[in-house]
Amino acid sequence: MKPNLLSSDGRAFDLALERFTIGLGPVDNAELEALACDKDLEEFELLLAAIHIGSLTRIEHPPAKALGCLKRAGHEYLKDRDEESDSGHDHTV
């Protein structure tokens, strides 16, 4: 089981931050993949996006393609959550 981004010496966090801001080369990307699970990386990317959106001073409409991706991701999230609820797990958000 891989540790989460905050549980190691900080290397995974630093690499993830670089990946989603300036990009990583193949060697560093492979290291990050070994240090962090996909779910943590996806959640970290969403966190950075939320921080970026929150820091915008002028609200603009997002590009149609980006808005479509956000809507699909939201629908997928809700569908997965509903399926988990239907399977007998009690999850509250």
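Please refer to the structure placed before this passage.
Caption draft 1: Representation of helix 1 (residues 11–21). Within helix 1, burial applies to Ala12, Leu15 and Ala16. Along the long axis of helix 1, the arc covered by the buried residues comes to 100 degrees, so they all point the same way. At its buried positions, helix 1 is contacted by helix 2 (26–35) and helix 3 (38–55).

Caption draft 2: Geometry of a negative patch on the surface. A contiguous patch of negative charge on the surface is contributed by Glu76, Asp80, Asp82, Glu83, Glu84 and Asp86. When you line up the elements, Asp80 lands in helix 4 (residues 64–86). A relative accessible area of 35% places Asp80 in the partly exposed class.

Rules used throughout
Residues numbered from 1 in each chain as written. Predicted model: local features only at pLDDT ≥ 70, side-chain atom pairs only at ≥ 80, totals over all residues. Heavy atoms only, no water. Buried < 20%, exposed > 50% of the residue type's maximum accessible area, 1.4 Å probe, protein only. Helix = DSSP H or I, 4+ residues; strand = E, 2+ residues; numbered from the N terminus. Arc of directions from axis to C-beta. Contact = heavy atoms within 4.5 Å. Patch = residues over 30% accessible without salt bridge, like charges linked within 9 Å, V, L, I, M, F, W, Y side chains within 5 Å. Areas by Shrake-Rupley, 256 points an atom, 1.4 Å probe, with all protein chains shown as cover. Salt bridge = Lys/Arg side-chain N within 4 Å of Asp/Glu carboxyl O. Lys, Arg positive; Asp, Glu negative; His and termini not counted. Charge placed at Lys NZ, Arg CZ, Asp CG, Glu CD.

Everything listed here is a matter of coordinates, which is why it stays silent on function.
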